[in-house]
Amino acid sequence: MNHQEALTGYIASFVSELVQSGVTDVVVSPGSRSTPIAMVMAEHPGLKLHIQVDERSAGFFALGIAKAAKRPTVLLCTSGTAAANYFPAIVEANISRVPLVVLTADRPHELRDVGAPQSIDQIHLYGNHVKWFVEMAPPETTDEMIRYARMVCARAVAASMQSPSGPVHLNFPMREPLIPLLEQEQLFSQKERMNGYVKIQQPTVSLQKEEFDYYAEIIKTSERGMIVCGQIEEDGFIEAVTAFAEKCQLPILADPLSQLRSGGHSGSSIIDTYDGILRNEQAKNRLKPDLIIRFGSMPVSKALTIFLKENHSARQLVIDGGIGWRDPGLVSTEMIYCQETLFCHEMNARLKAKQPTGYSQKWQQLNTLTKELIQTIDEAEELNEGKLFYQLSELLPEEAAIFVGNSMPIRDLDSFYHFNEKRMKVVANRGANGIDGTVSTALGVGTIYQPMYLILGDLTFFHDLNGLVAAKLQQVNITILLINNNGGGIFSFLPQASHPKHFELLFGTPLDLDFRKAVEMYGGQFTSISNWEQFSQVLLQDRNKEGLRVIEIVTNREENAEEHRKLWKFVSREIDSLLEKENA
């Protein structure tokens, strides 16, 4: 058997096992050394190929698909620095627990470290940022090597999904000639185990009955208990945690990425203005808990994070089915490794319904008051970043997907996006909290969720302009709300702002860019709005318009920071007034 026959059989067996393992989407960055894998993948009817020329954008595009689909997406590139450009997306996938199967083609062993072009050290290229690495054996088609290729493939897909989910990396050394023999009959048929080489059963992370009883008793005896929900993507969790909270009269401080601020549940336990409430010292003293039950990743709100740290004497239970360590404040008293939905069901089965408590009612009272106070932002006539997020639930359609950029947008969403019944999905890259790859990730999510809205700042938009090409090449419909304050708006809220000498140079970083030309280059429609009436009209019209649409909202960084400070001072003053009247 010649080299091309061996190459074709080996790769075809691997690709066939990918499909048998449940993979449907592959993001390919074109290159020479990866030719045999790419061509065989293109031949398989069970795979959908997405071509992304820029490897950095490709990595984030694949991340978005996997994040939305909740199943592994495959990344494929050639050798050399192409593979290095996947690194930022792999870091994000690892921390965010998103399953990726990264395939990098490589020079064969005899061409390594001898000055061959496009050759770098790809062994353990991503270090500890991947869950598993394999240097694949060179292609052969003996029965044993076909079994090896299929087994490694099945293990890689399973490893990416095993809790906590994350990326795995397989490195394929390839010798020339690189062209596979696609004309072979029954290219993807296997001699044995036609339905998959090995089935790998994923474990359910649970507790013993006695341990569930123990935690139920803790919750039962608590008088000032509360739930904090950060970003979590688990089927059935929303129904389970809301039922648990309502039965036990536990307020849920729901981060926007928890998916609890929207949907078909009653919302009766949801506290969605805690970021404003917990800026007030009196409120924080009145709301001191004796028990905090936390699900998901750390919340966005700094005020809430500080509140958790300040209450280190409270019993703090962190429930994590991903068997990680989500406790940057060093305040947890128990780290409970159990599937989150299962934990809620088990507590619900063991506990009797409670009447509303003074503690839960105080949270609800302050939540209602703060919402009413925040509504004053709707009266602003000038373009205002906070008002933009406040209006989202009213202006966006049912079941819209909202991808939010980091820095100020995600924080404003946390402050001003409140509970609604539209079943909207909120997504962000909150693993490493970077601004890179935001456009590409949102477009990847947009292949699964529609209609898709991306909200981001001008620096974040500039950082991933290359990603816009996916809207054109992959025909992904997306509306981008571009908050253009000509620089890094979040730094106006940080201590650096009080040192103006080098502030603009080092932190403000104004770009002074006209994004219209870039958007039009990618075949998009660009609109810059000047008032709120125009914003509503543009956002509401042509909701079903296909392709790329960018709506620019121009704001002023300094004015935005001052408006935020005035609002929070007003809210805090009114909370003080309420609490002082109660104490009188």
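That block above? That's the structure.
Formed by 57 residues in total, the largest nonpolar core has its most connected members in Leu253, Leu278, Trp363, Phe389, Leu481 and Phe535. Apart from residues no more than four positions distant in its own chain, Phe535 is found in contact with Leu388, Gln391, Leu395, Leu481, Ile529, Ile551 and Ile553. One finds Ala89, Leu465, Phe515 and Phe526 within the second-largest nonpolar core, a separate group that totals 49 residues.

Here we come to the pattern of salt bridges. This structure, assessed with the given rule, holds 24 salt bridges. Here Asp275 makes a salt bridge to Arg279, at a shortest N to O gap of 2.8 Å. Linked by salt bridges that have partners in common, Lys70, Glu233, Asp235 and Lys425 make up one network.

Contact pair helix α3 (residues 55-69) / helix α5 (residues 87-96): the axes reach a minimum separation of 8 Å and the direction vectors enclose 25°. As far as their axial angle goes, α5 and α3 are roughly parallel. Note on element contacts: α5 touches α3 through Pro88, Ala89, Glu92, Ala93 and Ser96, opposite Arg56, Gly59, Phe60, Leu63 and Lys67.

With that out of the way, let us pick up the side chain of Arg294. Position of Arg294 relative to the elements: it lies in strand β10 (residues 291-295). No salt bridge is formed by the buried Arg294; the nearest opposite charge belongs to Asp327, separated by 4.7 Å. A polar side-chain atom of Arg294 sits 3.4 Å from the main-chain carbonyl oxygen of Gly296.

Another point: the sheet that holds strand β7 (residues 225-229). Strands pair in a sheet through their backbones, by hydrogen bonds, and they do so in one of two ways: parallel or antiparallel. Read across the open sheet, the 6 strands follow the order β9-β8-β7-β10-β11-β12; overall the sheet is parallel. Every interior strand has two partners, whereas the edge strands, β9 (270-271) and β12 (334-336), have only one. Where β7 lies against strand β8 (residues 252-254), 3 bridges are found, and the strand directions are parallel. Paired with Cys229 across the bridge in β8 is Ala254. Contacts between helix α7 (residues 209-221) and the sheet are confined to β10, β11 (315-319) and β12, with β12 contributing the most and set at about 130° to the helix. Seen against the sheet, helix α8 (residues 237-248) touches β7, β8 and β10 and runs at an angle of roughly 165° to β7.

Before going further, it helps to examine helix α16 (residues 408-416). Among the 9 residues in α16, 8 count as buried, and that is most of the element. Burial in α16 covers these residues: Met408, Pro409, Ile410, Asp412, Leu413, Asp414, Ser415 and Phe416.

By the definition in use, this model includes 11 aromatic pairs. Both rings, one in Tyr214 and one in Tyr215, keep their centres 5.0 Å apart while their planes meet at 70°; by these two values the pair is edge-to-face. Judged by its relative accessible area of 41%, Tyr214 is partly exposed. Judged by its relative accessible area of 11%, Tyr215 falls in the buried class. Aromatic pair Phe461 and Phe515: ring centres 5.2 Å apart, planes at 65°, arrangement edge-to-face. Of this pair, Phe461 sits in helix α18 (residues 458-463) while Phe515 sits in helix α21 (residues 515-521), placing them 54 residues apart in sequence.

What follows covers the sheet that holds strand β1 (residues 25-28). Sheet architecture is open: 6 strands sit in the order β2-β1-β3-β4-β6-β5, paired in parallel fashion. Two strands bound the open sheet, and with one partner strand each, they are β2 (48-51) and β5 (133-135). Shown here is a sheet whose adjacent strand axes are inclined to one another by a mean of 20°, direction ignored. The sheet contact formed by strand β4 (residues 100-106) and strand β6 (residues 167-173) spans 7 bridges and is parallel. Of the residues in β6, the one forming a bridge with Ala105 is Phe172. Where α3 meets the sheet, its contacts fall on β1, β2, β3 (73-77) and β4, and the angle it forms with β3 comes to roughly 170°. Strand contacts of helix α6 (residues 143-161): β4, β5 and β6, with the helix running at about 155° to β6, the strand carrying the most contacts.

What follows is about the side chain of Glu385. By the element assignment, Glu385 lies in helix α14 (residues 385-390). Here Glu385 falls in the buried class, since its relative accessible area comes to 3%. Among the polar contacts listed, one links the side chain of Glu385 to the side chain of Thr555, at a separation of 2.6 Å. Other than its neighbours up to four places away in sequence, Glu385 contacts Asp412, Ile483, Asn485, Thr555 and Asn560.

The buried fraction of β11 is high, at 4 of 5 residues. When β10 meets β11, the two strands line up parallel, connected through 5 bridges. Counted as the bridge partner of Ile292 is Gln316 from β11. Tracing the backbone out of β10, into helix α11 (residues 302-310) and back to the parallel element β11 gives a crossover that is right-handed.

Looking now at the environment of Gln249. In this fold, Gln249 is placed in the loop between α8 and β8. What makes Gln249 partly exposed here is its relative accessible area of 22%. Distance in space between the C-alpha atoms of Gln249 and Gln361 is 9.0 Å, their sequence separation being 112 residues. At 3.1 Å, the side chain of Gln249 forms a polar contact with the backbone oxygen of Glu246.

Before going further, it helps to spend a moment on the packing of α7 against helix α12 (residues 340-350). Contact pair α7 / α12: the axes reach a minimum separation of 9 Å and the direction vectors enclose 70°. The angle between α7 and α12 falls in the class roughly perpendicular. Between α7 and α12 lies a crossing of right-handed hand. Residues Lys209, Phe212, Asp213, Tyr215, Ala216 and Ile219 of α7 form the contact with α12, whose participating residues are Leu342, Phe343, Glu346, Met347 and Arg350. Of the residues belonging to the contact of α7 with α12, the class tally is 7 nonpolar, no polar and 4 charged.

Now for a negative patch on the surface. Side chains of Glu381, Glu382, Glu558 and Glu559 sit close together on the surface and give a patch of like negative charge. Tracing the sequence through the fold places Glu382 in the loop between α13 (358-374) and α14. Note on Glu382: relative accessible area 61%, which makes it exposed.

All right, on to unusual backbone geometry then. Along the chain, Glu176 connects to Pro177 via a cis peptide bond; the corresponding omega equals 0°. Position of Pro177 among the secondary structure elements: in the loop between β6 and α7. The phi torsion at Gln259 lies on the positive side, around 70°, for a residue other than glycine. Topologically, Gln259 is positioned in the loop between β8 and β9.

The rules behind these values
Residues numbered from 1 in each chain as written. Predicted model: local features only at pLDDT ≥ 70, side-chain atom pairs only at ≥ 80, totals over all residues. Heavy atoms only, no water. Core = buried A, V, L, I, M, F, W, Y, C linked by side-chain atoms within 4.5 Å. Buried < 20%, exposed > 50% of the residue type's maximum accessible area, 1.4 Å probe, protein only. Contact = heavy atoms within 4.5 Å. Salt bridge = Lys/Arg side-chain N within 4 Å of Asp/Glu carboxyl O. Axes fitted to C-alpha atoms, helices over the stretch in contact; angles between N-to-C directions. Helix = DSSP H or I, 4+ residues; strand = E, 2+ residues; numbered from the N terminus. Parallel < 35°, antiparallel > 145°, perpendicular 65-115°, else oblique. Lys, Arg positive; Asp, Glu negative; His and termini not counted. Polar contact = N/O pair within 3.5 Å; in protein donor to acceptor, adjacent residues only side chain to side chain. Pairing = 2+ DSSP bridges. Phe/Tyr/Trp six-rings, centres within 6.5 Å; stacked < 30°, edge-to-face > 60°. Right-handed = clockwise from strand over helix to strand, strands pointing away. Left-handed = near helix turned anticlockwise from the far one by under 90°. Nonpolar A, V, L, I, M, F, W, Y, C, P; charged D, E, K, R; others polar. Patch = residues over 30% accessible without salt bridge, like charges linked within 9 Å, V, L, I, M, F, W, Y side chains within 5 Å. Areas by Shrake-Rupley, 256 points an atom, 1.4 Å probe, with all protein chains shown as cover. Charge placed at Lys NZ, Arg CZ, Asp CG, Glu CD.

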